[in-house]
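Spelled out, the chains give:
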Amino acid sequence: MLYELIAVVRGQSLQEVKDIARSAGLLVLHNGGVVRGYTNWERLLLPKRTLAHQAYHTHGQYFVMRFDSNAITQKEIKRTLGLDPRMINFSVVKLGEKLEEVAAVGGQTFSMRFT
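Keep in mind it's a predicted model, so treat the numbers as computed, not measured. Residue numbers here run from 1 along each chain, matching the order of that chain's written sequence. Reporting of local features is limited, given that this is a predicted model, to residues whose pLDDT is at least 70; pairs of side-chain atoms are given and counted only at 80 or more, and all residues count toward the totals for whole chains, interfaces and linings. As a rule here, side-chain values come from all non-hydrogen atoms in the structure, and water together with hydrogens is ignored.

*Asks:* Outline the overall build of the protein, supporting the account with residue identities and numerical values.
*Replies:* Scanning the protein from terminus to terminus reveals 3 helices and 4 strands. In the protein, which comprises 115 residues, the share counted as buried stands at 37%. By sequence separation, contacts in the protein at least 24 residues apart represent 75% of the contacts at least 6 residues apart. Taken as a whole, the protein presents about 6800 Å² of accessible surface, with 55% of it coming from carbon and sulfur. Only runs of H or I of at least four residues qualify as helices and only runs of E of at least two qualify as strands under DSSP, and these elements are numbered from the N terminus. Partly exposed describes any residue whose relative accessible area lies between the buried limit of under 20% and the exposed limit of over 50%, with all areas from a 1.4 Å probe on protein chains only and scaled to the type maximum. Here a residue-residue contact requires only that any non-hydrogen atoms of the pair lie within 4.5 Å. Methods summary: accessible areas were calculated by the Shrake-Rupley approach with a probe of 1.4 Å, and residue burial reflects only the protein chains presented.

Here you go:
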């Protein structure tokens with residue numbers, strides 16, 4: 001199944017974003033999945049002030065990761081990111097299950113822009 005992870009990291013540095021994206025990608029790979037791509041959306045203003053890990057945040061570093069895996073791996077990613085104090089928020093969305101559904105999914109998350 002194809003999933004998309006949209007994550008908001010509290011860090012000021014791009015290195016924290018890379019570390020979190022790398023750890024999520026390694027979880028997918030170690031459990032037999034495939035990482036389709038990452039996109040860094042840079043540091044953006046949050047829609048509203050958010051409380052996460054006992055601190056308020058107004059800005060966050062966004063990134064997107066598309067991956068193929070089973071549901072157990074997807075739940076493990078959610079559990080791991082939920083425990084990470086650098087995370088502000090995240091969401092995992094199932095984009096499709098069959099090849100016909102996945103082929104119709106567009107977007108630009110297949111480019112590596114972590115430089």
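That covers the picture; the talk isn't over yet.
*Asks:* Can you break down unusual backbone geometry residue by residue, with the values?
*Replies:* A positive phi is found at His53, a non-glycine position, where the angle reads about 55 degrees. With respect to the element layout, His53 can be found in the loop between strand S2 (34-52) and strand S3 (55-68). Using a relative accessible area of 41% as the deciding quantity, one classes His53 as partly exposed. Here the phi dihedral of Gln54 falls at roughly 65 degrees; this positive angle occurs in a residue that is not glycine.

*Asks:* Describe the pattern of salt bridges, listing the residues and the values that go with them.
*Replies:* Each salt bridge in this description consists of a side-chain nitrogen of Lys or Arg and a carboxyl oxygen of Asp or Glu lying within 4 Å of one another. Taken as a whole and assessed by the stated rule, the structure comprises 5 salt bridges. With its nearest N and O atoms 3.3 Å apart, the salt bridge here joins Arg22 to Asp19. Residue Arg22 and its partner Asp19 are both found in helix H1 (residues 14-30); the two are separated by 3 residues, about one turn of the helix. The exposure class assigned to Arg22 is partly exposed, which follows from its relative accessible area of 44%. The salt bridge involving Asp84 is made with Arg86; its shortest N-O contact spans 3.0 Å. Note on Asp84: relative accessible area 13%, which makes it buried.

*Asks:* Residue-level account of the pairing of S2, with values.
*Replies:* For S2 and S3, the ladder comprises 13 bridges, and the chain directions are antiparallel. The residue of S3 that forms the bridge with Glu42 is Tyr62. When DSSP finds two or more bridges between two strands, those strands count as paired. Here S2 folds back onto S3, and the loop between the two strands holds 2 residues, one of which, His53, carries a positive phi near 55 degrees.

*Asks:* Before we move on, could you go through H1 and cite the residues and values that matter?
*Replies:* In a helix, the anticipated span is given by 1.5 Å times the number of residues less one. Helix length check: H1, at 17 residues, gives a terminal C-alpha distance of 24 Å against a target of 24 Å (1.5 Å per residue), a fit within 8%. By the burial criterion, the buried members of H1 are Val17, Ile20, Ala21, Ala24, Gly25 and Val28. Considered in projection along H1, the buried side chains sweep an arc of 130 degrees and stay on one side of the axis. Elements in contact with the buried residues of H1: strand S1 (2-9), S2, S3, helix H2 (71-83) and strand S4 (87-96). Relevant arc is that of directions from the helix axis to the C-beta atoms, nothing else.

*Asks:* Residues and numbers for the nonpolar core, please.
*Replies:* Among buried residues, the Ala, Val, Leu, Ile, Met, Phe, Trp, Tyr and Cys ones that are joined through side-chain atoms within 4.5 Å form a nonpolar core. Counting residues in hydrophobic clusters, the biggest one holds 17 residues, and the most contacted among them are Leu5, Phe63, Met65 and Phe67. In contact with Phe67, other than residues within four places in its own chain, are Met1, Leu2, Tyr3, Leu5, Val28, Val34, Val35, Arg36, Ile77 and Val92. Within the second largest apolar cluster, 5 residues are counted, among which are Val8, Ala52, Tyr62 and Ile88.

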